[in-house]
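The primary structure of each chain is shown beneath.
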There are 2 protein chains.
Amino acid sequence: MSGATKYVNLDRPFEMALGGALPEVTLAYETWGELSPDRDNAILLFTGLSPSAHAASSLEDPSRGWWEFMIGPGRALDTTRYFIICINNLGSCFGSTGPASTNPETGRPYRLDFPELSVEDIVRSQRLALHKLGIERLHAVVGASLGGMSALAFAVQYPDDVDELMVISAATRATPFAIAIRSLQRDCIKSDPCWHGGFYPEGQQPQEGMRLARKLGLMSYRSPEEWLERFGRERVDWLDEPGSQPFDIEFQVESYLEANARKFVQVCDANCYMYLSRAMDLFDLGDHAEDGDPTTALRKIRATRALVLGVETDFLFPIWQQKEVADGLKHAGLSTHYMPLSSIQGHDAFLVDKARFIPVIAEFFSSTSG
Amino acid sequence: MSGATKYVNLDRPFEMALGGALPEVTLAYETWGELSPDRDNAILLFTGLSPSAHAASSLEDPSRGWWEFMIGPGRALDTTRYFIICINNLGSCFGSTGPASTNPETGRPYRLDFPELSVEDIVRSQRLALHKLGIERLHAVVGASLGGMSALAFAVQYPDDVDELMVISAATRATPFAIAIRSLQRDCIKSDPCWHGGFYPEGQQPQEGMRLARKLGLMSYRSPEEWLERFGRERVDWLDEPGSQPFDIEFQVESYLEANARKFVQVCDANCYMYLSRAMDLFDLGDHAEDGDPTTALRKIRATRALVLGVETDFLFPIWQQKEVADGLKHAGLSTHYMPLSSIQGHDAFLVDKARFIPVIAEFFSSTSG
């Protein structure tokens, strides 16, 4: 982990929402800024499926974080005003307890003995970690993608704990198309003989399956429009070199996918990816309403203000889903600002489109009542 | 093959556009209707990537064809007026010569010894087959998807051979997103250990790779909108039965993909799929213009009328690509009817959305000068 990573151990055991329990849970986290004496300036930043808690650099770890441009002194998430905390998800593999962690009952990695994971487990475990750190109330919860689902779940389940809510490129539940994309990614991993029914030996990941899964992931995170502009039909420049095989990479877009996928395979555990991916499919905010309707669940929220952002080229969490969240929050009585952005980078635009994302997020937090 | 399948052998050898030659080429085809005494009522129907020549039933083969509702007496492709011919693509595995055929020089299947395939080879081989059948001139060429690319290539390369042109859900060249989708499908097949570097033994297909590839294919052929309406978040009804494994199928959309993919693996050869898939990536109508611009190439067409259809929910061949084709044909002087359809079935709508496709195609051919 990074030099800035700190750890918190939860009380044991940790009961999982869908059954089963973890005898021990450790969560890895990083923080930026200072907690105020009144402990009222904390912002909890939920991550997407694959990032670690290293959202931004710090003195302890100067390496670039996954939301570097958003977090810091004078930045949109202003560390001179707010205490930002980002916790690696339960089920992940960047310091927090997950399927790749050692099961204390066997001395071996959990693998598929890890109980089924839900967004609710992620959210509850992070709240317990905050309590351990002496934080009972949050100025805001913020999240994109899976992080946005987590932020919604937090605000619905713990309505008295949070004042403001920021939901980016997320939804109250996944579409069947998004489920199909993630299901096929898991299928790619399961089909790799190295997966060994989930119980692969240490250091022997199903790399081929992960490589394929990551490529499909990437395709769902960006947009056809972006790739048309970025790659067009450009060929790779080593095309006619000797040693090339039939069906080798020929187009730049193929080369980009391959390079990114090979990097990813080195850092992420296959089962962790599968558990978190499945949790996204299973999540349904409607489960928190008696009538099963996500809009009814949103009415439980007691936060006062919300910012809902989405991107028009996102087909994993299409823009109508963010509109639905925003409408629901308005009906629930929150002062809600909804902004569809015209970024061409699709679902992952929040990670790259500084020009569109920074001003609207900065504006939200600078006009805050907190 | 079907009882209606006929075969034609081309003169040998058949030189391939991208290098190499085939010592023998056989093409499988089916026909509907009667060729007029003047031999001026033939319509050549190009297929997409995976279908056989069995586009419709007939006395010889009463089984349902892939465009059954479009072809027959009184139908949009009216067999009382037209002689319809559909030829299984070169490179395919439904009776025509392809990578799964026996290489007469070795007595074994070609596999990857099959030379690189292009849309131009498909088109030229079908034209030679027509000549063998005594058909020198076509009333129309018709095609969707890869078939639409083929129809465009035919009309550009053999401008004096065709009067009318119908292009459905196609383009002058693939987008990088479409290339990425097909590249990943091939990657799934290549990653299957059973692929054996392309030289798998008879009857031992890389089934797992094909299954994954087909799922991704299906996802690109339909649309998120359709699946939302059709599957929503419905679960399969065998969910809580004993014997279920972690990460088993849980949602209806997953079950649909699995069932379809398992069927496909039984009928299609993996290498044939890969060759045809790559041909779609490589195709660029701009190769037929000195300036490399597809629009310039379109100006070579001498047909008089064109119908260009596309579907708004298609993200494999997005609607702006059909608009581009239609605009190019208008500039080339063809009387062009362009119609974007609001089908929710995406790229494959032409195979299922009878209500939208039949009237516009029927209208085109009933108002014909032919």
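Per chain, the residues get numbers from 1 upward, laid out in the order the sequence is written. Naming scheme: in the order in which they are written, chains are lettered from A and ligands are numbered from 1. Given that this is a predicted model, residues contribute local features only at a pLDDT of at least 70 and side-chain atom pairs are listed and counted only at 80 or more, while totals for whole chains, interfaces and linings are drawn from all residues. Side-chain numbers here rest on the full set of heavy atoms in the structure, without hydrogens or water.

### Things to note about the overall build of chain A
Consideration 1: Each helix is a run of DSSP H or I of at least 4 residues and each strand a run of E of at least 2, with the numbering of both proceeding from the N terminus. Assigned secondary structure in chain A consists of 11 helices and 14 strands.
Consideration 2: The quantity called the radius of gyration is restricted to C-alpha atoms. Its globule counterpart is 2.2 Å times the number of residues to the power 0.38. Relative to the compact-globule value of 21 Å for 370 residues, chain A shows a C-alpha radius of gyration of 20 Å, a close match.
Consideration 3: Dimensions of chain A, computed from C-alpha atoms along their principal axes, come out at roughly 65 × 50 × 50 Å.
Consideration 4: Taking contacts inside chain A between residues at least 6 apart in sequence as the whole, the part at least 24 apart equals 72%.
Consideration 5: Using the Shrake-Rupley algorithm and a 1.4 Å probe, accessible areas are obtained, with residue cover drawn only from the displayed protein chains. In the structure as shown, chain A presents an accessible area of about 13900 Å², 48% of it carried by carbon and sulfur atoms.
Consideration 6: Charged residues are defined narrowly, with Lys and Arg counted positive, Asp and Glu counted negative, and His plus the chain ends left uncounted. By convention, charge coordinates are those of NZ in Lys, CZ in Arg, CG in Asp, or CD in Glu. Chain A carries 34 positive and 50 negative side-chain charges, and their two centres are separated by 1 Å. We call two residues contacting when some pair of their heavy atoms lies within 4.5 Å.

### Brief notes about the pattern of salt bridges
Consideration 1: The salt bridge criterion pairs a side-chain nitrogen of Lys or Arg with a carboxyl oxygen of Asp or Glu, the two atoms within 4 Å. Counted by the stated rule, this structure contains 48 salt bridges over all chains.
Consideration 2: In this structure, Arg305 of chain A engages Glu164 of chain A in a salt bridge whose closest nitrogen and oxygen atoms are separated by 3.0 Å. Of this pair, Arg305 of chain A sits in strand S13 (residues 305–311) while Glu164 of chain A sits in strand S12 (residues 162–168); the two residues are 141 residues apart in sequence, bridging distant segments of the chain. Here Arg305 of chain A and Glu164 of chain A have matching classes, each one buried.
Consideration 3: In this structure, Asp284 of chain B engages Arg173 of chain B in a salt bridge whose closest nitrogen and oxygen atoms are separated by 3.3 Å. A simple rule labels every residue: compare its accessible area, found with a 1.4 Å probe on the protein chains alone, to the largest value its type can have, and call it buried under 20%, exposed over 50%, or partly exposed in between.

### What to know about the packing of helix H3 (residues 176–191) of chain A against helix H4 (residues 207–221) of chain A
Residue and element names in this part refer to chain A.
Consideration 1: In contact at an axis separation of 7 Å, H3 and H4 are set at 165° when each is read in the N-to-C sense. By the angle class used here, H3 and H4 are roughly antiparallel. As H3 packs across H4, the resulting crossing turns out to be right-handed. The residues of H4 that touch H3, namely those facing Ile181, Leu184, Gln185, Cys188 and Ile189, are Gly209, Met210, Leu212, Ala213, Leu216, Gly217 and Ser220.
Consideration 2: Residue classes follow a fixed rule: Ala, Val, Leu, Ile, Met, Phe, Trp, Tyr, Cys and Pro count as nonpolar, while Asp, Glu, Lys and Arg count as charged, and any other residue, Gly among them, counts as polar. Residues that form the contact of H3 with H4 fall into these classes: 8 nonpolar, 4 polar and no charged. Fitted lines through C-alpha atoms give the axes, limited to the stretch in contact for helices. The angle between two N-to-C directions lies from 0 to 180 degrees. If an angle is under 35 degrees, it is roughly parallel; if it is over 145, roughly antiparallel; if it lies from 65 to 115, roughly perpendicular; otherwise it is oblique. Each helix crossing is assigned a hand: it is left-handed if the near helix lies turned anticlockwise from the far helix by less than a right angle, otherwise right-handed if that turn is clockwise.

### Some points on helix H2 (residues 146–157) of chain B
Given 3.6 residues per helical turn, the α-helix brings residues three or four places apart onto the same face.
Residue and element names in this part refer to chain B.
Consideration 1: Here the expected span of a helix is defined as 1.5 Å times the quantity of residues minus one. Taking 1.5 Å of rise per residue, 12 residues should cover 16 Å, and H2 covers 16 Å from first to last C-alpha, within 8% of that figure.
Consideration 2: For H2, the tally of buried residues reaches 11 of 12 residues, placing the bulk of the element in the interior.
Consideration 3: Taken together, the buried positions of H2 are Leu146, Gly147, Gly148, Met149, Ser150, Ala151, Leu152, Ala153, Phe154, Ala155 and Val156.

### Focus: the nonpolar core
Consideration 1: Counting 195 residues, the largest nonpolar core has Leu165 of chain A together with Leu165 of chain B as the members making the most contacts within it.
Consideration 2: It is helix H7 (residues 270–282) of chain B that contributes the most residues to this core, 9 residues altogether.
Consideration 3: Beyond its immediate stretch of four places on either side in the chain, Leu165 of chain B contacts Val141, Ala151, Leu152, Ala155, Ile301, Arg305, Ala306, Leu307, Leu329, Leu334 and Phe364 of chain B. Remark: nonpolar core denotes a set of buried residues (Ala, Val, Leu, Ile, Met, Phe, Trp, Tyr, Cys) joined through side-chain atoms within 4.5 Å.

### Regarding the relation of the copies chain A and chain B
Consideration 1: Least squares is used to superpose the copies, and the fit set is the C-alpha atoms of residues whose pLDDT is at least 70 in both copies. Relative to chain B, chain A is turned by 180° and slid 0.0 Å along the rotation axis, the superposed coordinates differing by an RMSD of 0.0 Å. The symmetry that links the two subunits is that of a two-fold axis.
Consideration 2: Counting the interface residues of chain A, we find that 100% of their copies in chain B are interface residues as well, pointing to one common contact surface.

### Some details on unusual backbone geometry
All names here are of chain A.
Consideration 1: In this structure, Pro13 follows Arg12 across a cis peptide bond, with omega equal to -10°.
Consideration 2: Take Pro13: it is sitting in the loop between strand S1 (6–9) and strand S2 (14–15).
Consideration 3: Phi is positive for Arg39, close to 55°, though the residue is something other than glycine.
Consideration 4: For Ser145, which is not a glycine, the phi torsion comes out positive at approximately 60°.
Consideration 5: Relative to the helices and strands, Ser145 is located in the loop between strand S11 (138–144) and helix H2 (146–157).
Consideration 6: Residue classification places Ser145 among the buried positions, given a relative accessible area of 8%.

### So, a negative patch on the surface
All names here are of chain A.
Consideration 1: A cluster of acidic side chains, namely Glu290, Asp291, Asp293 and Glu324, defines a negative patch on the protein surface.
Consideration 2: Counting through the fold element by element, Asp293 comes out in the loop between helix H7 (270–282) and helix H8 (294–298).
Consideration 3: Overall, Asp293 belongs to the partly exposed group, its relative accessible area being 32%. Patch definition: residues above 30% relative accessible area lacking any salt bridge, with like charges linked at up to 9 Å and the nonpolar side chains Val, Leu, Ile, Met, Phe, Trp and Tyr linked at up to 5 Å.

### What about the interface of chain A and chain B?
Consideration 1: Listed by partner, the interface residues are 48 residues for chain A and 48 residues for chain B.
Consideration 2: Values labelled buried area give the accessible surface lost by two parts on being combined, using a 1.4 Å probe and summing over both. Here chain A and chain B share an interface that buries about 4200 Å² over both sides, 69% of which is from carbon and sulfur atoms.
Consideration 3: The largest contributions to the chain A side of the interface with chain B come from Phe177, Arg233 and Phe247 of chain A, which together make up 20% of the buried area.
Consideration 4: The tally of links between chain A and chain B comes to 12 salt bridges.
Consideration 5: Two residues, Glu254 of chain B and Arg186 of chain A, come together in a salt bridge whose shortest N-O distance is 3.4 Å.

### Focus: the side chain of Arg214 of chain A
Residue and element names in this part refer to chain A.
Consideration 1: Among the secondary structure elements, Arg214 is positioned in helix H4.
Consideration 2: No salt bridge is formed by the buried Arg214; the nearest opposite charge belongs to Asp348, separated by 6.0 Å.
Consideration 3: Look past the residues within four positions of Arg214 in its chain and what remains in contact with it is Ser50, Tyr221, Asn260, Ala261 and Phe264.

### Side note on the packing of aromatic side chains
Consideration 1: Side-chain rings of Phe, Tyr and Trp, where Trp is taken by its six-membered ring, are said to pair if the distance between their centres is within 6.5 Å; with planes under 30 degrees apart they count as stacked, over 60 as edge-to-face, and otherwise as tilted. As enumerated under the stated definition, the model contains 33 aromatic pairs over all chains in all.
Consideration 2: Seen from their ring centres, Phe315 of chain A and Phe177 of chain B are 5.8 Å apart, and the 80° between their planes marks the pair as edge-to-face. Placement of the pair is Phe315 of chain A in the loop between S13 and helix H9 (319–331) and Phe177 of chain B in helix H3 (residues 176–191), with the two residues belonging to separate chains.
Consideration 3: Both rings, one in Phe364 of chain A and one in Phe365 of chain A, keep their centres 5.2 Å apart while their planes meet at 75°; by these two values the pair is edge-to-face. By the burial criterion, Phe364 of chain A is buried, and Phe365 of chain A matches it.
Consideration 4: Each member of the aromatic cluster is reached from another via a ring pair, and the members are Phe177, Trp227, Phe231, Tyr256 and Phe315 of chain A together with Phe177, Trp227, Phe231, Tyr256 and Phe315 of chain B.
Consideration 5: Definition used: whenever NZ (Lys) or CZ (Arg) falls within 6 Å of the ring centre and also within 35 degrees of the ring normal, the charge is taken to sit over that ring. It is Arg124 of chain B that lies over the ring of Phe14 of chain B; its NZ or CZ is 4.2 Å from the centre.

### Quick word on the UniProt feature "active site" (unreviewed entry) in chain A
All names here are of chain A.
Consideration 1: As annotated by UniProt and renumbered to match this structure, "active site" (unreviewed entry) occupies Ser145, Asp314 and His347. Their sequence span is 203 residues, while the largest C-alpha to C-alpha distance among them is just 10.8 Å; these annotated residues converge on one region.
Consideration 2: In this view, Ser145 contacts Ile168, Ser169, Ala170, Met280, Phe317 and His347; residues no more than four positions away in its chain are not counted.
Consideration 3: Positionally, Asp314 belongs in the loop between S13 and H9.
Consideration 4: Since its relative accessible area comes to 4%, Asp314 is described here as buried.
Consideration 5: Residues within four places of Asp314 in sequence aside, it is in contact with Ser169, Ile319, Gly346 and His347. UniProt positions are given in the numbering used here, feature names are shortened, and annotations may be inferred rather than shown by experiment.

### Overview of the sheet that holds strand S4 (residues 26–32) of chain A
Residues and elements named next belong to chain A.
Consideration 1: Criterion used throughout: strands pair if DSSP finds at least two bridges between them. Spatially, S1-S4-S8-S5-S11-S12-S13-S14 is the arrangement adopted by the 8 strands of the open sheet, whose pairing is mixed. Taken across any chain shown, the strands that pair with only one partner, and hence form the sheet edges, are S1 and strand S14 (335–341). Ignoring strand direction, the axes of neighbouring strands in this sheet form an average angle of 20°.
Consideration 2: Against the sheet, helix H1 (residues 119–132) engages S1, S4, strand S5 (42–46), strand S8 (83–87) and S11, with an angle of about 150° to S5.
Consideration 3: In the packing of helix H11 (residues 354–366) onto the sheet, contacts are made with S5, S11, S12, S13 and S14, and the angle to S13 comes to roughly 175°.

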